[in-house]
Structures are given as C-alpha cells and as structure tokens.
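# Observations on the three-dimensional arrangement
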Amino acid sequence: MADLSRREFLRKTASDAAVAGYLAAAVARLGANPLGLPIGSQTYPHRQIIKDGNFAGLAKTLADIGVQGLELCSPLGYAEFTTLSDGMLTRKIIADHGLTCESAHFSMRELRERQQESIAWAKNVGITQMITASLGAGNNPTMDDVKRAADEYNKIAAVAAKAGIQQGLHNEGFEVSTVSGRRTYDVLMGMLDPTLVKFQFQMSTISQGFVAADYFTKYPGRFFSMHVQDVDLNATPPEGGRGGRGVQVAVGKGSIDWVRTFTAARTGGVRNYFVEQTMELTKESVAALKAMKV
C-alpha cells in the first residue's frame, strides 16, 4: 500500500472522526428514548391549529420540543383535518420539519364507505398503519353486536392488507364495555384476526381498570402502538369529566409504572408510541420520555 500524504491522512482522520461522532450521536439518541423508538405525538389534541390551516406551524412546534414522529387523523373522516387533504403536500411538510408519519386514525364510517380513498390518501402521506378509534357498536353490546363488528373489521383489514397497510384498533367506549360478563376488549382479541388487526393501547384507560402492561403480557404480539398519557388515580376528576377515575397528567407524574409498561411493550409487539395530550402536557411528557431509559 502506498504511503498516505500528510494531507490525505489528516483528511481521512477527520472524515473518520466525523462518521464516528455521527454514529455515536445516533446511538445516544436511539438509547435515550424508551425502547429506542422515536417519540411521537398524536395530533388530535392540536386539531384546532390544523383546522386553522397552520399544520406547518404545528409541525415546527412539535419538532422544536423533541417530537420525532406524528400520528395524524384522516381528512376524509375528521372535519378538523380537511386542510390535510393533499396527501403529497402533507408528506412534504412533515419531511421539511425532520419528522416522520407512519400512522393515522380513520373513522369507521369512511372505512365502510370510502376505504379506497382513505388508502390512497394514506399512501400519499407515507402511512402504513391505519387505525380506527373504536368499532362503535355501542356501550352495552350483545355478543351478536360484538361478532358483527369484528366480522366487519376483519373484512376491512383484509382489504387494507392487500394494499400493504396494517389495520389497527384503538380502545374507546365500545372496546372498554362489557359483554356477557367479560370485557369486550378481551372478546375482540379472540374474534379479530391477529395478522390482519393489531391493537393500539390507550394508556389513559387505566382510569377504567385497563392496565397496559397486563394486556401486553397477556396478548403477546397483538399490539403495535400506544397512545401515551399518565393518570393520577388519586386525584378527583373535574365535574363532567369522562368515565373512569383520576386526572390526566404528564408522563411520570401519575400512577402508571412506566418501566413495567415499556418492558412489557416489547412482549406486546409495540413498534411506536404517540403522546396524546394538550400542548402543555405534551411538552412535559416529551421531556420525560427523552430522559427515560427502559
């Protein structure tokens, strides 16, 4: 091998050092967040900003506080998100702010009536996970109601799968109800195809007795996502608040055991998580997640 000139040696050394520094920084970022995953934010709590046409401003604000990924809601099913109907432009705004977006929520009505349009928009944005908040079969369902809802969603998810998209289910009113003495959520676990439908756990449902770590352990591989909130179960909820007990607070300031949660999330199959809180709580929760090592 020919001897390197001093200039070539210095250039190569500097280049190697830069690469090493970049890799070290990347590894540090990877290990700083729970599970080594990017910190995400569900944009629904900030929907008024999007409705007002300032999605770019919201993206900048979230990026500035340390958010790395967004979860949107479909403009076909959520009136406040119609300003995002141009999927390619939405994708550009996200990328311009150094963010990613692989997940969004879709209403059951649009999935029933306009699924192909929803899929087309998702693909334009770069979304690979299409989630619905609830199958919406009522808060006091019969077993037949649950079976009909599950059968319908399996069919919807099969269409999504053919398009290369993973369908998912959140847990809201219907899912946290009971049927024939069992939690509807658990019944759905047995009725929904484990390949076609994954689950996104709403952490705030601990106020109704739903503990994420228990579900991640009980149903390994059935989850792919989390909506992150903390709840102080000892606090008195405001008058007129939603069902359950406790008050929502920033991550680390409530009753949830986050080390246990994220440890179990590996078993559950969680691949991403999104803070879903007011902007004030989002800032606090993102800071807490950035400092958390699990």
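Values in this document were obtained by computation on a predicted structure and should not be read as measured data.

Scanning all chains against the criterion turns up eleven salt bridges. When the shortest N-O distance is used, the salt bridge between Glu 117 and Arg 114 registers 3.0 Å. Given the relative accessible area of 42%, Glu 117 is considered partly exposed. Two residues, Lys 218 and Asp 186, come together in a salt bridge whose shortest N-O distance is 3.1 Å. Of this pair, Lys 218 sits in helix α9 (residues 212-218) while Asp 186 sits in helix α8 (residues 184-191); the two residues are 32 residues apart in sequence, bridging distant segments of the chain. Take Lys 218: its relative accessible area is 55%, and that puts it in the exposed class. Residue classification places Asp 186 among the buried residues on the basis of a relative accessible area of 9%.

A word on helix α4 (residues 87-96). Turning to α4, its buried residues number three or more, namely Gly 87, Thr 90, Ile 93 and Ile 94. Buried residues of α4 fall within an arc of 120 degrees about the axis and therefore sit on the same side. Opposite the packed face of α4, turned more than 90 degrees from it, sit the exposed residues Ala 95 and Asp 96. Where α4 is buried, its residues contact α3 (55-64), β2 (69-73), β3 (100-105) and α6 (115-125). The N-cap of α4, judged by a side-chain oxygen 3.3 Å from the amide nitrogen of Met 88 a few residues on, is Asp 86. Looking at the residues trailing α4, positive phi occurs at Gly 98, about 70 degrees.

With that out of the way, let us pick up the state of the cysteines. With the rule as written, the count across this model stands at zero disulfides. Cys 73 takes part in no disulfide bond, and the closest cysteine sulfur, belonging to Cys 101, lies 10.0 Å away. You can call Cys 73 buried: its relative accessible area is 2%.

Formed by 78 residues in total, the largest nonpolar core has its most connected members in Phe 223 and Met 226. Counting residues per element, this core draws most heavily on helix α7 (residues 143-162), at seven residues. The contacts of Met 226, once residues within four sequence positions are left out, are Gln 200, Phe 201, Met 203, Phe 216, Trp 258, Thr 261, Phe 262, Ala 265, Val 270, Asn 272, Tyr 273 and Phe 274.

To continue, consider the packing of aromatic side chains. Aromatic ring pairs are reported here in terms of the distance separating the ring centres and the angle at which the planes meet. Enumeration over the complete set of coordinates arrives at 16 aromatic pairs. With centroids separated by 6.2 Å and ring planes inclined at 75 degrees, the aromatic side chains of Tyr 78 and Phe 81 adopt a geometry described as edge-to-face. Accessibility expressed as a relative area gives 16% for Tyr 78, which makes it buried. Taken together through their ring pairs, the aromatic side chains of Tyr 185, Phe 199, Phe 201, Phe 210, Tyr 215, Phe 216, Tyr 219 and Phe 223 make up a single cluster. Here the basic side chain of Arg 47 rests over the ring of Tyr 44, its NZ or CZ set 4.0 Å away from the ring centre. Positioned above the aromatic ring of Phe 210, the side-chain terminus of Arg 183 is 3.9 Å from the ring centre.

Conventions used here
Residues numbered from 1 in each chain as written. Predicted model: local features only at pLDDT ≥ 70, side-chain atom pairs only at ≥ 80, totals over all residues. Heavy atoms only, no water. Salt bridge = Lys/Arg side-chain N within 4 Å of Asp/Glu carboxyl O. Buried < 20%, exposed > 50% of the residue type's maximum accessible area, 1.4 Å probe, protein only. Helix = DSSP H or I, 4+ residues; strand = E, 2+ residues; numbered from the N terminus. Arc of directions from axis to C-beta. Contact = heavy atoms within 4.5 Å. Polar contact = N/O pair within 3.5 Å; in protein donor to acceptor, adjacent residues only side chain to side chain. Disulfide = S-S within 2.5 Å. Core = buried A, V, L, I, M, F, W, Y, C linked by side-chain atoms within 4.5 Å. Phe/Tyr/Trp six-rings, centres within 6.5 Å; stacked < 30°, edge-to-face > 60°. Lys NZ or Arg CZ within 6 Å of the ring centre and 35° of its normal.

Remember that the coordinates give geometry; whether it matters functionally is a separate question.
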